[in-house]
Each structure stands twice: as structure tokens, then as C-alpha cells.
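# Residue-level structure breakdown
Here is how the chains run, residue by residue.
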Amino acid sequence: MEIPYTVAERPDTGVNNGRLGTWLFLASEVMLFGALFATYIMLRVGAPDWDALTHDSHGKLILNVKMAFANTLVLITSSVTMVMAWASLMRNRFGAFRMYMGSTVLLGGVFMVIKYFEYSAKLHHELYPSTNTFLAIYFVMTGLHAFHVFGGMCLNAYFWGPGAKLWKKDPRWFTNRVEHSGLFWHFVDLVWIFLFPVLYLL
Amino acid sequence: MSDDHAVDIQKHVRTYILVFAALAVLTVVTVAVYYLELSTGAAIALALVIATVKGSLVACYFMHLISEKKLIIVVLLLTVAFFVVLLFVPLLTTLDAPGTG
């Protein structure tokens, strides 16, 4: 059975089904992260002394700004490689697509490794989600975000590997799939762009 | 793909590189502002403005929102409206704070 409107635009919506579905999903994701940002605001406004929660007894910030800065650059770079993977398919360059998509997956991996070291340092210093409300919201927001990075990596790895078979059968459909996978990946980057200053710098 | 189409994508690629450079510079600016140790209000305002500019660049160019169809834009405007409402919900908690009733 053929799935309708995977490439062609639906006359009533003006877009193909995959694109509309992806954007609707991302809209729900905005509300998911929005609820957590609202929680952050409530905890921060309600805290008698927020700085006491974000700094140790020596007045030093308990989060590692350098690691988060590095991770920001990693994710931004991965967003460029992702969009270049799509542009390569649009230009009929499958080899370049493989290189860019592979780079995107690897950069996602680099992000996760840096995050692992960051979390390890926190746990080593006995800083847990139960320690205070700041660490609770920090672990929930960055943990949920890291889960999204992992999900995006799996999706991109599938299109880099077994999913790429579709390129020979139906290149336009495959290009659309990569574009929609890219929408998700860019959204994950976008969330981090806000998480970084909100949790680490303010 | 036609030659015109290829030229069009080539222009897009140039834009992607420029956006990447802008994002990298703005990330450095965000961290530089942090080390300036501004007052809390100014630091929050500046950091959120920079993050909004960066987010808009990603959404407009990498996610192609700048040339997106009307239906998607309408869906996203609705989402933004609900998102703003959601962010202001915590303020309701101040209504029953001790001493205000």
C-alpha cells in the first residue's frame, strides 16, 4: 500500500504529511519544555536565596560553564552538518550526504560524552537531583534534553545506515525524511541555545 | 536536479555557513557577557535577547521557517501564544502569597 502525500503537497494543507506531522510534534515538544521552563521560573522566583543553590560554600558556581560552552559549539556545528546533509541530497551528492550525516551523529556522540563527564563530576561531589531545587530542575531539563539528543542520534544513524536504501528507490521521499529528521535535530539545538544561558550563566 | 536548482541550493549553503559563523560569535558573546558580571536584571535581559536571536537564526534558516507555508506558521504562532501563557502561569502563585490577600 502506498502512503499518500509523503512528497506531494496535500491540496488542503499545502504541505506534505511528513512536514505537517513533524511540526505538530515539535509544537507539543515546545509545550513539554515550556512546562519545565515555567517550573524553573517558579522555583527561582520562590527561592529565598537562589545563589546559595547554584554556588558552593566557597562561592564558586557548581556547574561547569566551559563544558557547557564546548557543548553549545558542538551542537551548533552538528546543526550545520545536518542541514548540509540535506543540501547534499538536494544536489544529488549521496557521498557528501553520508559524510555530513555521519558527522552529525558523531557530534551528537561528542555532546553525550561531555555530558557524561559533567554529570559524573556532579555525582562525584555528591550533588544529586535531591540536593536542592536548582539541581533538581538542572538534572530534569538537561537529562530530558540529553534524551532527545540520543533519540535524534538514533534517527540520524538510521538514515545514515539502513534507512538510506530508500535513496535508490525514491530519492525525493528519502530527502524529505532527512529534512524532517533535521527539523527535530535543529529543535534539539534550539532548546540547548536557551538551556545554556538559563541554567549556566544566569 | 536542474542547474537553476543547483545554483539555488549553492546560495542556501553560503547562507548556512554565514548563520553558523553568527551562531558561534553570539555564543562567545553570551559567555563574554557572563564574565562582565552585570547586574542580574541586565544579565538576564541580555542573555535572553542573544538566545532569542540565535534561536531565530536556527528556526528561520536551518529549519527554513523563513520560506515556510502559511499553515505551519499559523500552527507555530498558536504554539508561541500558549507557550507565553505557560511561562506566566507561575506568576499566579504570587496571588496567594502571604501578606498579599
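Residues numbered from 1 in each chain as written. Chains lettered and ligands numbered in written order. Predicted model: local features only at pLDDT ≥ 70, side-chain atom pairs only at ≥ 80, totals over all residues. Heavy atoms only, no water.

### Regarding the overall build of chain A
When helices and strands are counted, chain A shows 7 helices and 0 strands. In sequence order, chain A lays out its α and β elements as α-α-α-α-α-α-α. Across its three principal directions, the C-alpha atoms of chain A cover 60 × 35 × 25 Å. Looking at chain A residue by residue over its 202 residues, the buried ones come to 54%. Sequence-distant contacts in chain A: of pairs separated by 6 or more residues, those separated by 24 or more amount to 74%. Just so you have it, chain A exposes about 9200 Å², and 67% of that area is on carbon and sulfur atoms. Treating the 15 positive side-chain charges of chain A as one cloud and the 12 negative ones as another, the clouds have centres 11 Å apart. (Helix = DSSP H or I, 4+ residues; strand = E, 2+ residues; numbered from the N terminus. Buried < 20%, exposed > 50% of the residue type's maximum accessible area, 1.4 Å probe, protein only. Contact = heavy atoms within 4.5 Å. Areas by Shrake-Rupley, 256 points an atom, 1.4 Å probe, with all protein chains shown as cover. Lys, Arg positive; Asp, Glu negative; His and termini not counted. Charge placed at Lys NZ, Arg CZ, Asp CG, Glu CD.)

### So, the packing of helix α3 (residues 65-90) of chain A against helix α4 (residues 94-124) of chain A
Each pair of packed helices gets described by two things: the angle between the helix axes and the distance between those axes. Residue and element names in this part refer to chain A. Close contact between α3 and α4 brings their axes to 8 Å; oriented N to C, the two are set at 165 degrees. Our classification of the angle between α3 and α4 gives roughly antiparallel. In terms of crossing hand, the pair formed by α3 and α4 is left-handed. Among the residues making up the contact of α3 with α4, the classes are represented as 18 nonpolar, 7 polar and 2 charged. (Axes fitted to C-alpha atoms, helices over the stretch in contact; angles between N-to-C directions. Parallel < 35°, antiparallel > 145°, perpendicular 65-115°, else oblique. Left-handed = near helix turned anticlockwise from the far one by under 90°. Nonpolar A, V, L, I, M, F, W, Y, C, P; charged D, E, K, R; others polar.)

### Remarks on empty space enclosed by the protein
Enumeration over the complete set of coordinates arrives at 1 cavity of 30 Å³ or more. In this structure, the largest cavity encloses a volume near 50 Å³. Contributing to the lining of the largest cavity are Met82(A), Val83(A), Trp86(A), Val178(A), Glu179(A), Gly182(A), Leu183(A), His186(A), Phe62(B) and His64(B). Put simply, the parts of the chain that give the lining of the largest cavity at least two residues each are α3 and α7 (171-201) of chain A. Counting residues per element, the lining of the largest cavity draws most heavily on α7(A), which supplies 5 residues. Here the lining of the largest cavity is composed, by residue class, of 6 nonpolar, 3 polar and 1 charged. (1 Å grid on protein atoms, 1.4 Å probe; cavity = no way out; pocket = protein on both sides within 12 Å on 5 of 7 lines; lining within 4 Å. Points joined across faces, edges and corners; volume = space filled by probe spheres on them.)

### Digging into a nonpolar patch on the surface
All names here are of chain B. Nonpolar side chains collect at one region of the surface, where Val80, Val84, Phe88 and Leu91 lie side by side and expose about 360 Å² of accessible area between them. You can see Val80 is positioned in helix α3 (residues 70-88). For Val80, a relative accessible area of 49% translates into the label partly exposed. (Patch = residues over 30% accessible without salt bridge, like charges linked within 9 Å, V, L, I, M, F, W, Y side chains within 5 Å. Salt bridge = Lys/Arg side-chain N within 4 Å of Asp/Glu carboxyl O.)

### Examining the nonpolar core
By size, the foremost hydrophobic cluster in this structure holds 83 residues, and its most contacted members are Phe134(A), Tyr138(A), Phe174(A), Val178(A), Tyr200(A) and Met63(B). For this core, the element with the highest residue contribution is α7(A), accounting for 18 residues. With residues up to four places along the chain from it excluded, the contact list for Val178(A) reads Met82(A), Trp86(A), Leu89(A), Phe97(A), Met101(A) and Phe159(A). (Core = buried A, V, L, I, M, F, W, Y, C linked by side-chain atoms within 4.5 Å.)

### Comments concerning the pattern of salt bridges
For the structure on display, the rule yields 5 salt bridges over all chains. The partner of Asp12(A) in a salt bridge is Arg10(A), and the shortest N-O contact between them spans 2.7 Å. Owing to a relative accessible area of 56%, Asp12(A) belongs among the exposed residues under this scheme. A salt bridge links Glu68(B) to Arg19(A), with the nearest nitrogen and oxygen atoms 2.8 Å apart.

### What to know about the interface of chain B and chain A
Listed as interface residues are 44 residues of chain B and, on the opposing side, 50 residues of chain A. Both faces combined, the contact of chain B with chain A buries some 4100 Å², and carbon together with sulfur accounts for 83% of it. Counting across the chain B and chain A interface gives 2 salt bridges. Glu9(A) is the partner of Lys69(B) in a salt bridge, and the nearest nitrogen-oxygen pair spans 2.7 Å. (Buried area = accessible area lost by both parts, 1.4 Å probe.)

Function cannot be read off these values alone, since they describe shape.
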